[in-house]
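Examining the three-dimensional arrangement
Residues per chain, in single letters:
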Amino acid sequence: MEARASRPPSFSVSVGGGGGFGGARGDDSAFSFLSKGWREVRDSATADLRLMRARADSLRTLADRELEHLLASASASAPPPPQPLAAGAPIAELEFVRTRIQPKISELRRRYASQERELGRRVLEGWAPRGAGGPARARVDLSGITAIRNAIVSEAGVGERWRRAAWSGEAEADEGKEWEVVRMIRDGIKEFERRSQTSEIFEGLRSTGEFVEKFKSSLSFNMESQESKEVPPLDVTEILANLVRQSEPFLDQLGIRKDQCDRLVEALYRKQNHSLSEDTSLLENANSSDELDLRIASVLQSTGYRADDGFWSEPAKYEVSDNKRHVAIVTTASLPWMTGTAVNPLFRAAYLAKGTKQDVTLVVPWLCKSDQELVYPNSMTFSSPEEQETYIRNWLEERLGFESNFKISFYPGKFSKERRSIIPAGDTSQFIPSREADIAILEEPEHLNWYHHGKRWTDKFNHVVGVVHTNYLEYIKREKNGAFQAFLVKHINNWVTRAYCDKVLRLSAATQDLPKSIVCNVHGVNPKFLKIGEKITADRESGEPSFSKGAYFLGKMVWAKGYRELIDLMAKHKSDLEGFKLDVYGSGEDSQEVQSTARKLDLSLNFFKGRDHADNSLHGYKVFINPSISDVLCTATAEALAMGKFVICAEHPSNEFFMSFPNCLTYKTSEEFVVRVKEAMDREPQPLTPEQRYNLSWEAATERFMEYSDLDKVLNNEVVQSGQAGTRNKMRRTSQPNLSDIMDGGLALAHRCLTGSEVLRLATGAIPGTRDYDKQHCVDMGLLPPQVQQPVYGW
């Protein structure tokens, strides 16, 4: 290999075109640009000097003409003086002109004639660099004119007396005029001095470096703020305190809690005697974190820095106007699949649409017929999205006491047999028009974004809320190599929810602790179940029997839905529960295995096909048993309580919301389970109070959702308190880029890059071909092929 001599890198500046780092070509372009600018300034100076020369010639000719006219008229007229003072004044003044003015004008002529030829040459030669000393100075000698002006000023009193005496007649007619010669000389001097100031600009350009610096200043390359104040720079402790505060998400992964980080920040940061703001009201009710923000903002503001509004963000989003806001609810399942992620988002859409401030769109997956046969009960299928939408609306109207007013939209999805769930195909966000991309509610945000290869939700929408339905870690732990898979899924869930959501609501503490999350039950109960409970209470008050049957369990028949726990409890205490029979309603992938296991153990379980919980055949049961610990918030448990039944469930975080109801009987051990079963079978449940009934309703759930998701503040444009708005806005405009926002944007970008690889997608369990929707989806939904909507151009 040929060896090359090393040389320092050269940098070139390109103005108005593509810049870069380069060698000779960049240097030539820079030299050509400077030379061109140099010639333009030199030509402009030459034109100014020519104009100055012409003006000086005109002034000299005019002065000569006026002076000759003055002397001729004075010697010709010589009127008799009316008094001695007046008679001597013209002679004295003429003497003044001859002895003072005329010699100075002659001197000016000589000096001007001697410098006339040298003036242009000196100025133009001054543009060429002359070593370290820079260009020669180009200055016009104005000493002659200055001497004339000084002489006129010093003799102002004599001149005034001469003017009054010599032109007394004209003074009466035109009292405010000056002597024409003096006025013209004065105006000429002013004009000449103004022109001479341009030469002072040229004198300041002593070298090429000075010229470049002034040129850069004229193009606003100097970023120093003119309004900057003397603000002391950040101390080392302040920098460390801010670094610790910005690193809280990473420290949390290492086991350092937020309160510990806050104490560390408090220890590092010490209040300084710096003037943070002219408005001391900004510091009222401010904690150490706010004071540190204002301190950093003041330092950055003093440097003229202004932060952008976002990082990795789209420049244009949905613009909020006086019209209604738009809410898009995106979920992972749809009726007739009777699962929580199909039913609960449907009711959420209906109750949110009752508000007057927002329009609502429910976005649900569309499955091709081959997948519909695997998912929907009784081999139910739909030939078009419109047909399925009709089914959904009819089902909802039978259970609501009002007419729903929301739109239903579909996105392509595929059913995964291994995961037993629907995976989106393509970019789900593209099926929400940009004109309606205001607020997004992602039902199961981790599920929706596992393989999401598309636009970032928080870039397209103004506010994104995630609602966590499922405890995926509990399901995965039951599989082969479950611990390792659960470890990976836990961090992936953290990754995607942090990158794609502004706020996350967890239905219970049974789910994993996700970033930006808060625990709150935002689900309600179908109004039909509350009506059933009211009817049972009325029957009891009228003396009719309330319940005619014993205990039952209802749920999708898969082991993870509590069937394993149920069979273990029944098998362990078969003798203690002698004579106790339990009816089980459910259908699912593990139906045969569950039933065969129960028959082998000779358990008193009667199995029936799955049915709607509101079915008339289930009204007569008094006790609902749900031993599941994999649920996040069991909808069937809430429905059973709404119908006035006893509920026996494990003392588990997923059941915390139900423990406040008197008919909820919890157990910690299998022995307590037996006690609770006998207790429930021996007595009658208590009627629900109006407050308890309201807490189970969707009206109350919607109020909780609006509050804990900040949706009420977003709709009212009250994200921050009015008293702190000025402080927050100032901190946002002048604060440094938020490390947390930068990391969120970086995670989203990395996730998009990784999910773009089909190899990585298949390695992590994705359905083949789900990065984009397929041909069948195009036929069913009337979509253009992905390569047409998003063409890839090659060179």
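Residues numbered from 1 in each chain as written. Predicted model: local features only at pLDDT ≥ 70, side-chain atom pairs only at ≥ 80, totals over all residues. Heavy atoms only, no water.

- An unreviewed UniProt entry lists the protein under the name Digalactosyldiacylglycerol synthase 1, chloroplastic, with Urochloa decumbens as the source organism.
- Under Catalytic activity (unreviewed entry), UniProt gives the following word-for-word description of the protein: "a 1,2-diacyl-3-O-(beta-D-galactosyl)-sn-glycerol + UDP-alpha-D-galactose = a 1,2-diacyl-3-O-[alpha-D-galactosyl-(1->6)-beta-D-galactosyl]-sn-glycerol + UDP + H(+)". (UniProt positions renumbered as here; feature names shortened; annotations may be inferred.)

**A few points about the overall build of the protein**
- Helix and strand content of the protein: 31 helices and 14 strands.
- For the protein, buried positions account for 43% of its 795 residues.
- Sequence separation of at least 24 residues holds for 71% of the intrachain contacts in the protein that already meet a minimum separation of 6.
- Total accessible area on the protein stands at roughly 43300 Å², and carbon and sulfur atoms take up 53% of it. (Helix = DSSP H or I, 4+ residues; strand = E, 2+ residues; numbered from the N terminus. Buried < 20%, exposed > 50% of the residue type's maximum accessible area, 1.4 Å probe, protein only. Contact = heavy atoms within 4.5 Å. Areas by Shrake-Rupley, 256 points an atom, 1.4 Å probe, with all protein chains shown as cover.)

**A closer look at helix 28 (residues 739-755)**
- Between the first and last C-alpha of helix 28 there are 24 Å, a value that for 17 residues agrees with the 24 Å anticipated at 1.5 Å per step.
- Residues of helix 28 that are buried include every one of Ser740, Asp744, Gly745, Ala748, His751 and Thr755, and no others. Looking straight down helix 28, one finds its buried side chains confined to an arc of 140 degrees; they lie on one side. (Expected span 1.5 Å × (residues − 1). Arc of directions from axis to C-beta.)

**Here's the deal with the sheet that holds strand 6 (residues 463-468)**
- In spatial order, the strands read 4-3-2-1-5-6-7-8; together these eight strands make up an open sheet with mixed pairing. The sheet is open, and its two edges are formed by strand 4 (421-424) and strand 8 (517-519), each paired on a single side. For this sheet, the mean angle separating the axes of adjacent strands, direction not counted, is 30 degrees.
- Bridge analysis of strand 7 (residues 503-506) against strand 8 gives three bridges, and the strand direction is parallel. What sits directly across from Leu505, in strand 8, is Ile518.
- Seen against the sheet, helix 12 (residues 340-352) touches strand 1 (325-330), strand 2 (358-366), strand 5 (439-443) and strand 6 and runs at an angle of roughly 160 degrees to strand 2. (Pairing = 2+ DSSP bridges. Axes fitted to C-alpha atoms, helices over the stretch in contact; angles between N-to-C directions.)

**Concerning the sheet that holds strand 9 (residues 549-554)**
- The sheet built from six strands is open, its strands ordered 11-10-9-12-13-14 with parallel pairing. The sheet is open, and its two edges are formed by strand 11 (605-608) and strand 14 (664-667), each paired on a single side. Ignoring which end each strand starts from, the neighbouring axes of this sheet average 25 degrees apart.
- For strand 9 and strand 12 (residues 621-626), the ladder comprises three bridges, and the chain directions are parallel. Within strand 12, the residue paired with Ala551 across the bridge is Val623.
- Docked against the sheet, helix 22 (residues 635-642) engages strand 9, strand 12, strand 13 (646-650) and strand 14, running at close to 160 degrees with respect to strand 12.

**What about the nonpolar core?**
- Ranked by size, the top nonpolar core spans 129 residues in total, and within it Phe406 and Ile625 carry the most contacts.
- Here this core takes eight residues from helix 12, the largest share from any one element.
- If we ignore the near neighbours within four places in the chain, the residues touching Phe406 are Leu346, Ala349, Ala350, Ala353, Val360, Leu362, Arg393 and Leu396.
- Core analysis: the next-biggest nonpolar cluster, separate from the first, contains seven residues, Val244, Leu251, Cys261 and Leu292 among them. (Core = buried A, V, L, I, M, F, W, Y, C linked by side-chain atoms within 4.5 Å.)

**Observations regarding the packing of helix 12 against helix 14 (residues 385-397)**
- Contact pair helix 12 / helix 14: the axes reach a minimum separation of 12 Å and the direction vectors enclose 75 degrees. When the axes of helix 12 and helix 14 are compared, the pair comes out roughly perpendicular. The residues of helix 14 that touch helix 12, namely those facing Val343, Leu346, Phe347 and Ala350, are Ile392, Trp395 and Leu396.
- Taken together, the residues of the contact of helix 12 with helix 14 break down into seven nonpolar, no polar and no charged. (Parallel < 35°, antiparallel > 145°, perpendicular 65-115°, else oblique. Nonpolar A, V, L, I, M, F, W, Y, C, P; charged D, E, K, R; others polar.)

**Topic: the packing of aromatic side chains**
- Counted under the stated rule, the structure contains 20 aromatic pairs.
- Between the aromatic rings of Phe553 and Phe624, the centroid separation amounts to 6.3 Å while the plane-to-plane angle is 35 degrees, which identifies the pairing as tilted. Of this pair, Phe553 sits in strand 9 while Phe624 sits in strand 12, and the two are 71 residues apart along the sequence. An identical accessibility class is assigned to Phe553 and Phe624; each is buried.
- Aromatic ring contacts, followed pair by pair, group Tyr552, Phe553, Tyr563, Tyr585, Phe608, Tyr621 and Phe624 into a single cluster.
- Above the face of the Phe705 ring, Arg348 is positioned so that its terminal group lies 5.0 Å from the ring centre.
- The ring of Phe406 carries the charged tip of Arg393 above its face, separated from the ring centre by 5.2 Å. (Phe/Tyr/Trp six-rings, centres within 6.5 Å; stacked < 30°, edge-to-face > 60°. Lys NZ or Arg CZ within 6 Å of the ring centre and 35° of its normal.)

**Brief notes about a nonpolar patch on the surface**
- Nonpolar side chains collect at one region of the surface, where Phe484, Phe487, Leu488 and Ile492 lie side by side and expose about 390 Å² of accessible area between them.
- Looking at the element boundaries, Phe487 is found in helix 18 (residues 482-500).
- Taking the relative accessible area as the measure of exposure, Phe487 reaches 48% and is therefore partly exposed. (Patch = residues over 30% accessible without salt bridge, like charges linked within 9 Å, V, L, I, M, F, W, Y side chains within 5 Å. Salt bridge = Lys/Arg side-chain N within 4 Å of Asp/Glu carboxyl O.)

**Re the side chain of Asn526**
- Summarising the element assignment, Asn526 is placed in the loop between strand 8 and helix 19 (527-541).
- Excluding anything up to four places from it in sequence, Asn526 contacts Phe347, Trp395, Arg399 and Trp698.

**Focus: the pattern of salt bridges**
- Under the defined criterion, the tally for this structure stands at 21 salt bridges.
- Between Arg399 and Asp612 there is a salt bridge, with its nearest N and O atoms 2.8 Å apart. Here Arg399 is found in the loop between helix 14 and strand 3 (407-416), whereas its partner Asp612 is found in the loop between strand 11 and strand 12, with 213 residues between them in sequence.
- Under the relative-accessibility criterion, Arg399 is labelled buried at 7%.

**Re the environment of Ile408**
- Among the structural elements, Ile408 can be located in strand 3.
- Sequence separation between Ile408 and Ala328 is 80 residues; the distance between their C-alpha atoms is 9.7 Å.
- Residues in contact with Ile408, not counting those within four places in the same chain, are Leu362, Val364, Glu389, Ile392 and Arg393.

**Concerning the packing of helix 8 (residues 236-246) against helix 10 (residues 258-268)**
- Here helix 8 crosses helix 10 at 170 degrees, and the two axes come no closer than 8 Å. Overall, the two elements helix 8 and helix 10 adopt an arrangement that is roughly antiparallel. Every residue of helix 10 that contacts helix 8 at Thr237, Leu240, Ala241, Val244 and Arg245 is listed here: Cys261, Leu264, Val265 and Leu268.
- Classifying every residue of the contact of helix 8 with helix 10 by side-chain character gives seven nonpolar, one polar and one charged.

**What about the side chain of His777?**
- Here His777 lies in helix 30 (residues 775-781).
- Polar side-chain contacts of His777 include one of 3.1 Å to the backbone oxygen of Gly413.
- Those residues within four positions of His777 in sequence are excluded, and the remaining contacts are Trp366, Cys368, Pro412, Gly413, Lys414, Ala425, Gly782 and Leu783. (Polar contact = N/O pair within 3.5 Å; in protein donor to acceptor, adjacent residues only side chain to side chain.)

**Here we look at the environment of Gln592**
- Its place among the elements puts Gln592 in helix 21 (residues 591-600).
- Remark: the alpha-carbon pair of Gln592 and Met557, spanning 35 residues in sequence, is separated by 9.2 Å.

**A short note on the pairing of strand 9**
- By the bridge criterion, four bridges tie strand 9 to strand 10 (residues 582-585) in an arrangement that is parallel. Across the sheet, residue Tyr552 finds its bridge partner in strand 10, namely Asp583.
- On the question of chirality, the crossover connecting strand 9 to the parallel strand 10 by way of helix 20 (residues 563-572) is right-handed. (Right-handed = clockwise from strand over helix to strand, strands pointing away.)

**Here's the deal with helix 12**
- Between its terminal C-alpha atoms helix 12 stretches 18 Å, which fits the 18 Å expected from 13 residues at 1.5 Å a residue.
- Where burial is concerned, most of helix 12 is hidden: 12 out of the 13 residues are buried.
- Residues Thr341, Ala342, Val343, Asn344, Pro345, Leu346, Phe347, Arg348, Ala349, Ala350, Tyr351 and Leu352 constitute the buried set of helix 12.

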